[in-house]
Structure formats: C-alpha cells, structure tokens
Amino acid sequence: MNRETVVLNPRLAWREIQGRVVVISPEDSVVHELNETASFIWKHAERGRNVSEIADLLTTEFRVDAAQAQADTEGLLAVFSQKGLLAN
Amino acid sequence: MNATPVMDRLVGRSMKGSVPLGVHFDVTYRCNERCVHCYLDHEDYGELETPEVKNILTQLAAAGTLMLTFSGGEIFLRKDFFELLEFARSLHFDITLKSNALMITAERAVRLRELGVRQIQISIYSAEPEVHDAITKVRGSFARSLQAIRFLKTQGLHVKIACPLMKQNLSGLRRLRILADELSVPYVIDMTVTPKLDGDTSILAMRNSADELVDVIQDASLRGQATPDDAAESVVGSAVSSGIESDAYDGIPCSAGHNTCYISPYGEVYPCVQMPIPAGNLRRESFEQIWHRSPQFARVRAIREDQLPVCAACNLRKYCERCPGLAHMEGGDLTGAYDRACELAEMKARVAGVANPLSAWHAQSRGKALAVRASGRLVQISQHL
Ligand code: SF4
Ligand code: SF4
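Residues numbered from 1 in each chain as written. Chains lettered and ligands numbered in written order. Predicted model: local features only at pLDDT ≥ 70, side-chain atom pairs only at ≥ 80, totals over all residues. Heavy atoms only, no water.

1. Focus on the overall build of chain B
Scanning chain B for helices and strands turns up 14 helices and 9 strands. When each of the 385 residues of chain B is scored for burial, the buried share is 52%. Sequence separation of at least 24 residues holds for 71% of the intrachain contacts in chain B that already meet a minimum separation of 6. For chain B, the accessible area works out to roughly 16800 Å², and carbon and sulfur atoms hold 52% of it. (Helix = DSSP H or I, 4+ residues; strand = E, 2+ residues; numbered from the N terminus. Buried < 20%, exposed > 50% of the residue type's maximum accessible area, 1.4 Å probe, protein only. Contact = heavy atoms within 4.5 Å. Areas by Shrake-Rupley, 256 points an atom, 1.4 Å probe, with all protein chains shown as cover.)

2. A word on the interface of chain B and chain A
Facing 27 residues of chain B, the contacting portion of chain A comprises 19 residues. Between chain B and chain A, the buried area comes to about 1900 Å², and carbon and sulfur atoms account for 54% of it. On the chain B side of the contact with chain A, Arg13(B), Leu66(B) and His92(B) bury the most area, a combined 31% of that side's loss. The interface formed by chain B and chain A includes 2 salt bridges. Close ionic contact of Arg13(B) with Glu33(A) constitutes a salt bridge, the shortest N to O distance being 2.6 Å. Summed over the shared surface of chain B and chain A, the number is 14 residue pairs in polar contact (both at pLDDT 80 or more). Listing elements by their share of the side of chain B that touches chain A, those giving two or more residues are helix H1 (5-16), helix H4 (106-114) and helix H9 (228-233) of chain B. Counting residues per element, the side of chain B that touches chain A draws most heavily on H1(B), at 5 residues. Along the lines of polarity and charge, the residues of the side of chain B that touches chain A split into 13 nonpolar, 6 polar and 8 charged. (Buried area = accessible area lost by both parts, 1.4 Å probe. Salt bridge = Lys/Arg side-chain N within 4 Å of Asp/Glu carboxyl O. Polar contact = N/O pair within 3.5 Å; in protein donor to acceptor, adjacent residues only side chain to side chain. Nonpolar A, V, L, I, M, F, W, Y, C, P; charged D, E, K, R; others polar.)

3. Thoughts on the site of ligand 2
Residue and element names in this part refer to chain B. Contacts to ligand 2 come from Cys 311, Cys 314, Arg 317, Cys 320, Ala 337, Ala 341, Cys 342, Ala 345, Ser 359, Ala 360 and Trp 361. Listed by contribution, the elements that provide at least two residues to the shell around ligand 2 are helix H13 (339-351) and helix H14 (360-384). Among the elements that take part in the shell around ligand 2, H13 stands out by supplying 3 residues, more than any other. Of the residues belonging to the shell around ligand 2, the class tally is 9 nonpolar, 1 polar and 1 charged. (Near = heavy atom within 4 Å.)

4. Considering the packing of aromatic side chains
One pair of aromatic rings is described through two measures. These are the centre distance and the angle between the planes. Residue and element names in this part refer to chain B. Throughout the structure, instances matching the rule amount to 13 aromatic pairs over all chains. Relative to Phe 82, the ring of Phe 76 lies with its centre 5.8 Å away and its plane at 40°, an arrangement referred to as tilted. Of the two residues, Phe 76 and Phe 82, both sit in the buried class. Three or more aromatic residues joined by ring pairs form one cluster here, namely Phe 25, Phe 70, Phe 76, Phe 81 and Phe 82. (Phe/Tyr/Trp six-rings, centres within 6.5 Å; stacked < 30°, edge-to-face > 60°.)

5. Describing the sheet that holds strand S6 (residues 187-190) of chain B
Residues and elements named next belong to chain B. Pairing within the open sheet is mixed, and its 9 strands lie in the order S6-S5-S4-S3-S2-S1-S7-S8-S9. Here the strands that pair on one side only, and so sit at the sheet edges, are S6 and strand S9 (280-281). The sheet strands contacting helix H3 (residues 81-90) are strand S2 (67-71) and strand S3 (94-99), and the helix crosses S3 at an angle near 155°. Across the face of the sheet, helix H7 (residues 173-183) comes into contact with strand S5 (158-164) and S6 while running at roughly 150° to S6. (Pairing = 2+ DSSP bridges. Axes fitted to C-alpha atoms, helices over the stretch in contact; angles between N-to-C directions.)

6. Structural notes on helix H11 (residues 295-302) of chain B
Since the α-helix advances by 3.6 residues per turn, residues separated by three or four positions end up pointing in the same direction. All names here are of chain B. Within H11, burial applies to Phe 297, Val 300 and Arg 301. Each buried residue of H11 lies within a common arc of 100° when the element is viewed along its axis, so the set occupies one face. In this structure, H11 carries Pro 295 and Ala 302 as exposed residues pointing more than 90 degrees from its buried face. For H11, the elements touching its buried residues are strand S7 (260-263), strand S8 (268-270) and helix H10 (287-293). (Arc of directions from axis to C-beta.)

7. Comments concerning the environment of Tyr319(B)
Residues and elements named next belong to chain B. Here Tyr 319 lies in the loop between H11 and helix H12 (324-331). Given the relative accessible area of 17%, Tyr 319 is considered buried. When the C-alpha atoms of Tyr 319 and Asp 8 are compared, they prove to be 23 Å apart, with 311 residues separating the residues in sequence.

8. A closer look at unusual backbone geometry
Residue and element names in this part refer to chain B. Between Gly 72 and Gly 73 the backbone carries a cis peptide bond, its omega angle lying at 25°. A positive phi angle, near 45°, is found at Asn 356, a position not held by glycine. Its place among the elements puts Asn 356 in the loop between H13 and H14.

9. Observations regarding the nonpolar core
One finds Phe25(B), Leu57(B), Leu68(B), Phe70(B), Leu85(B), Leu97(B) and Leu112(B) to be the most contacted residues of the largest nonpolar core, which totals 67 residues. Those residues in contact with Leu97(B) that lie beyond four places of it in its chain are Phe70(B), Ile75(B), Phe76(B), Phe81(B), Leu85(B), Leu112(B), Val117(B), Gln119(B), Ile120(B) and Gln121(B). One finds Val21(A), Val23(A), Ala55(A) and Leu85(A) within the second-largest nonpolar core, a separate group that totals 22 residues. (Core = buried A, V, L, I, M, F, W, Y, C linked by side-chain atoms within 4.5 Å.)

10. What about the environment of Gly22(B)?
All names here are of chain B. By secondary structure assignment, the location of Gly 22 is in strand S1 (residues 22-26). You can call Gly 22 buried: its relative accessible area is 1%. For the pair Gly 22 and Leu 102, spaced 80 residues apart in sequence, the C-alpha to C-alpha distance is 26 Å.

As structure tokens, then:
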C-alpha cells in the first residue's frame, strides 16, 4: 500500500476554505469537513503522492515521528475510503 | 431548520474570511420557452465567450467558491455548455443546474451523472399540461420536461421541481404535489414574481395576493419539502428564505454579498440575482477586485438588521421574509420595507393567531395618510372661514 498512489474520488466536489478542505459528495449531498491533518493529506493525495511520501511530509510539517505519521496517514486514508472519498 | 454543525462552521468561516462560497452564474439569457412571468430579456447582447467563462471559473475557484449554480435563460442552449461543465468539474465545484429540461435527452442525462452534477432543478408550473404549456408558451413542453425528469431519475440524479406560483397555477398546487410524489422528486414553490430587469412592473399583476395565498401559508406541506440536498444548499441564498438558521448570519439580512453573489451572461457581478446592483464587470476587472473592493459590495455588507430604518422596530419581523433585493427593486431602498413583504408577514401573523397584525411600514404609511387627511381638513376648514 505504501508505494501506491492515493486517488481521490473524482466525482466529489471540494475546496480548501480558510485552511480546511471541505468535500461534498454529489450522491448524498453530505458535506465533510476535514481537520488540519486530514486536509494536509487530502491536498498531497491530490498532487499524486503515495502513502509513504505523504507520511514523510506529515513528519516534517507536524513534527511527529515517522511511525506516528505513517499510522496517522493510513488511519485517515482508511476513513476516507470508508466514507467513499477515494477512488481506489 | 438548523444548519448541520459542519455547515454552520463552513458558513461561519466563509463569512469571517469574506469567501464567496456560493455563486449563481447565469451563462445565457437566451431561452427556448417564453414564460409569461419571466423577468429577462432573451436577446443575446454579447454573452461571455467560452474562454471568458473558463477564466471566470478559474478565478472563482481561487477565491474559494465551492457551490456553483449554472442557470439562465436555458443553459443547454449554449453550444459549449458541456465543455463549461466539464471545466467546472475539473476545478472541483459542487454543481447545481437550473433548467427547463427541454433539451435533456437520455444521453445527456448519462453525461450529467458522469460529470458528478449534484442537483438539477427543473421548472414545472402545473400537473396539468395545458396550464404548464400556457405559462411557458411552448406546446408540448410539459411532456418533454417530464420525460427529461424521468431520464435524470433513471441515472440516479437528484432532481427537484421548482414551481413559481402565480395566478395561473395557484389552484393546481395540490395536484402538483401529487405529481412530485409520483415522480419521487421534491418540489419547492417560489411566491416571488419580480419586476423585469428593465424595471417594467407589468408582470407583477400575475402574482397572488396575500389573501389568495392563505392556504399555502397555512399548509407548510404545500410549500414543498426540505431535502438532504438543501443542507449543502443552505449557504447559497437567503438565511431567511432557505429556512436554515446559522448563527453566522445573525444580524445581517441575508447571505447576498457576504458569502454569495451573482454573475450575469455579460460578466456583470451583483450581490444576488434578486439584487441587480452592478458592482463591476469581469470583462474589465478581476473577480478579486470586484468582490473585495467594490463600493457596492461594501455598502451591502455594512447593512445590519437592527439599523434598518423601519423594519428594526417592526413587531412582525419573525413572520417576515423581507428580501433586501426586492426592497431595492420594489421600494427603491435596500434597507427599506416594501408592501409585498409586509402583506405576507401580516397574513402569516394572522394565520398564527395574532389579532390585527400591522407591519411597521404599514403603520407608518397609515399614520402619514391620516396626517395628510387631517391637514386636508384643516385646509378645508380654513377655506370655510
Ligand atoms: S437578496 Fe433576497 S433573494 Fe438574494 S439572498 Fe438576499 S434574501 Fe435571498
Ligand atoms: S413586515 Fe414590513 S415593516 Fe415589518 S420587517 Fe417586514 S418589511 Fe419590514
């Protein structure tokens, strides 16, 4: 999974508004507001980064250790996936 | 209805940061129907061209707009409409379309689903084909629009019927509700008939009086149903008329100019489709300049409810859905009161059991009339003397 590129669900609408990413799903009109870390992961996934790259960036940005960053990234991506926010 | 906490926070952040979260973009005024109550001039005086629209969409995305409504005129008359839609989706906008649906085919419905359009609002005036067609002035339009609704529903798209209410279709409203149920689509009514954009007020004769609307005011189910789609829509439009309360709107008349605005097919920017105050033109200035620096937007943003000269002291405020845009169009003053809002508020108050409700505006005009009559008598008396 680590080298896999994260692909966002292309049917979603989203925008970064005042530092937070807001996502709307057209199927059910549910509005998701991502927290700071989730927004960070979302924006880097959008740029085509894979899980390891995102975790590395998280380490630098939020000053957390590598294991923590990896766990957070995988955890949040699992939540994204469960909520239908990912294509894969 | 209260906004969900997520929506509330989103509205709050957009208000605080002055982000144009919702934009209503009329991409054409041309239309293939000729509805009797329509306020538009359907001539094309030089619509924005494809690259111009794309440029504006890019600017809106950069400014933070998320909810985008494409409307008209009839949007599908633009030959480049799907190109524009595709471009808008590539910029991740949340899309609502407003259309009469005459040009929506089965293939187009598939494409709309593929593109991730969230909602399509379609104007249906009556469950009776003759009434609908007499309003649109296009024979067969009812059947075609209904067929399109079925195409869209087959694709699993969210369709909503919008029904502007006027003298011609009021009596058929219950049957329209049944039709909407049969089609499994929600519907909303709109009691607003506005003057034409050129100021012509003759079409106002088509609107129902407050007395005629008493059933609609009494029976909330006749006014349509709130849907999950509305939750995401609550930021676009009126804090009052959407029926969604958000603390972020406290103290201001509505969202117009604060976190929403309107763009015309000629690039003019207004605070709202119902507030035709040109604040700038995107052919000459950037969206950023107009949104942040135009004196018109500054003026609209400065209005506070408790400073409205007449309405601030009105006892009927909780029954009133005053629209500042209509106050401007009908009464000539953004901060003023206007007859239509007062009449509807008085009717709502009466239905709620208030005895002899009288708006502050009507009380004031009645006071003035009495004073004029009194001074008339003085003149007469002095003449007798
Ligand atoms: S100007 Fe009127 S129509 Fe526009 S958002 Fe305000 S209340 Fe609604
Ligand atoms: S009822 Fe009339 S006077 Fe009262 S708040 Fe509404 S518009 Fe103003």
